[in-house]
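Structural characterization, general
So the chains spell out like this:
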Amino acid sequence: RSLGSRRRWTLCRCTGAMKYAEYKAIRAEMEADGRSHGVVLADLALRHNQSYDTLRGILSAMITEKNMMNARLQRERLPEHAEQYRSMQQARREPVILDLAEQADMQPFLLIRSILEHEYEQLQLPKSDIQASIRGWMEGRADDRLAARQLDSALLLADIQQGIQYDDSYGPLVESIKMNVGHEYELRLHECLRNRGVFFMTETHIRMSARQKTPDAVLPTPIEVDGSIVRWIESKASFGDKRTLTQSYEGQFGPYCRRYGPGMVIYWFGFIEDLDDVNGGKCLDNWKRAGFIIRDRFPSDVVLRTDLPPIMPS
């Protein structure tokens, strides 16, 4: 089935942070199933008392991790995949990318895009020309230059469209969905702050006078959450596994703490709450000491700390 019929991006309430043991059990079931289509995820969500979006977030992180680990092997096998694609296209005269992706154990959009790039490289075109041509294909504009590579433009367009439609982890359709979902949850965060009478500044306001990346909400007057002071909040419409949390700390949360002071990150689709830190202790405890706390929803009990000095981002 297509992405649209499989995917349910809903603004549902997560059941909470999960233990690493439960996370491992969910991953094991997903890996045993293989591609874990939406029906399977819905069943997993019910059995583990988790939201569908939490399970989708875990699966998405798994696929990203797998592709990162297999990136070198996929590059080495790309000429073989491209030749196999050409042979299948000529023999069957119908879209073949879904079958080839299954055989190659790759996401269909990633595979067809990689094949396109490989074929253009064989024509020895400049990189800028290659990227522009690939964008044209993604937008439905065929390029007859690939006829020299014995590829049928109409079939290639059909395979690109199938790759976009059936790949539930990569491609322009997925990126558009992710962007819209991320925006929806930012709006949810802003609504929670307004309902509690908390004044905040958004990325748009701050970036008018600053080029660096900024949190989704900066609080000139801080709030207190479970004994922790919060001067900024980052909204994440995703699941927080160890790789995601570690990378985000190094690239985002750490710099936010140094720039604005202590803050809070909301992983709306949940996170692993008992991760061990490589330097000892628990990750969440160490990150709290580093200056930020993690939650899976906006806290029900917040205290506006008007007694503390305000911050005004410059």
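The structure contained in this document is the topic of the report that follows. Please read these numbers as outputs of a predicted model, since none were measured by experiment.

Summing up its helical and strand segments, the chain has 13 helices and six strands in all. Looking at the chain as a whole, 48% of its 314 residues are labelled buried. A sequence separation of at least 24 residues applies to 69% of the contacts in the chain between residues at least 6 apart. Just so you have it, the chain exposes about 15,600 Å², and 50% of that area is on carbon and sulfur atoms.

Quick look at the pattern of salt bridges now. Taken as a whole, this structure holds 25 salt bridges when the rule is applied. With a closest N to O distance of 3.7 Å, glutamate 80 and arginine 77 form a salt bridge. Placement of both glutamate 80 and arginine 77 in helix H5 (residues 71–92) is noted, with a separation of three residues, approximately one turn of the helix. Among the ionic contacts, a cluster of salt bridges with common partners joins Glu83, Arg86, Glu119 and Arg149.

Relative to the assigned elements, lysine 282 resides in the loop between strand S4 (263–267) and helix H13 (283–290). The class for lysine 282 is partly exposed, based on a relative accessible area of 34%. Discounting residues that sit within four places of it in the chain, lysine 282 has contacts with Asp274, Leu275, Asp276 and Asp277.

The next point concerns unusual backbone geometry. Phi is positive for glutamine 124, which is not a glycine, with a value near 60°. Mapped onto the fold, glutamine 124 is located in the loop between helix H7 (108–122) and helix H8 (127–138). Since its relative accessible area comes to 71%, glutamine 124 is described here as exposed. The backbone of glutamine 150 sits at a positive phi, close to 60°, despite the residue not being glycine. By the secondary structure assignment, glutamine 150 is in the loop between H8 and helix H9 (153–166). Note on glutamine 150: relative accessible area 53%, which makes it exposed.

Bringing H13 into the picture now. Those residues of H13 that fall on the buried side of the exposure criterion are Cys283, Leu284, Asn286 and Trp287. Seen along its axis, H13 keeps its buried residues to an arc of 160°; they face one direction. In this structure, the buried side of H13 is in contact with helix H12 (242–260) and strand S5 (292–295). The positive-phi residue at the C-terminal boundary of H13 is glycine 291, with phi of around 130°.

Glancing now at the nonpolar core. In terms of nonpolar packing, the biggest core is built from 60 residues, with Met30, Tyr85, Leu116, Trp232 and Ile294 touching the most fellow members. Setting aside its immediate chain neighbours within four residues, leucine 116 contacts Ile134, Trp137, Met138, Leu146, Leu156 and Ile160. Val181, Leu189, Ile233 and Phe269 belong to the second largest nonpolar core, which has 21 residues in total.

Next up on the list: the pairing of strand S2 (residues 217–225). Where burial is concerned, most of S2 is hidden: seven out of the nine residues are buried. Pairing analysis gives two bridges linking strand S1 (residues 201–202) to S2, with the strands arranged antiparallel. Looking across to S2, one finds that threonine 202 is bridged to alanine 217. Count of turn residues in the S2/strand S3 (residues 228–236) antiparallel hairpin: two residues, of which aspartate 226 carries a positive phi of about 50°. Bridge count between S2 and strand S6 (residues 303–304): two bridges; the pairing is antiparallel.

Cut-offs used in this document
Residues numbered from 1 in each chain as written. Predicted model: local features only at pLDDT ≥ 70, side-chain atom pairs only at ≥ 80, totals over all residues. Heavy atoms only, no water. Helix = DSSP H or I, 4+ residues; strand = E, 2+ residues; numbered from the N terminus. Buried < 20%, exposed > 50% of the residue type's maximum accessible area, 1.4 Å probe, protein only. Contact = heavy atoms within 4.5 Å. Areas by Shrake-Rupley, 256 points an atom, 1.4 Å probe, with all protein chains shown as cover. Salt bridge = Lys/Arg side-chain N within 4 Å of Asp/Glu carboxyl O. Arc of directions from axis to C-beta. Core = buried A, V, L, I, M, F, W, Y, C linked by side-chain atoms within 4.5 Å. Pairing = 2+ DSSP bridges.

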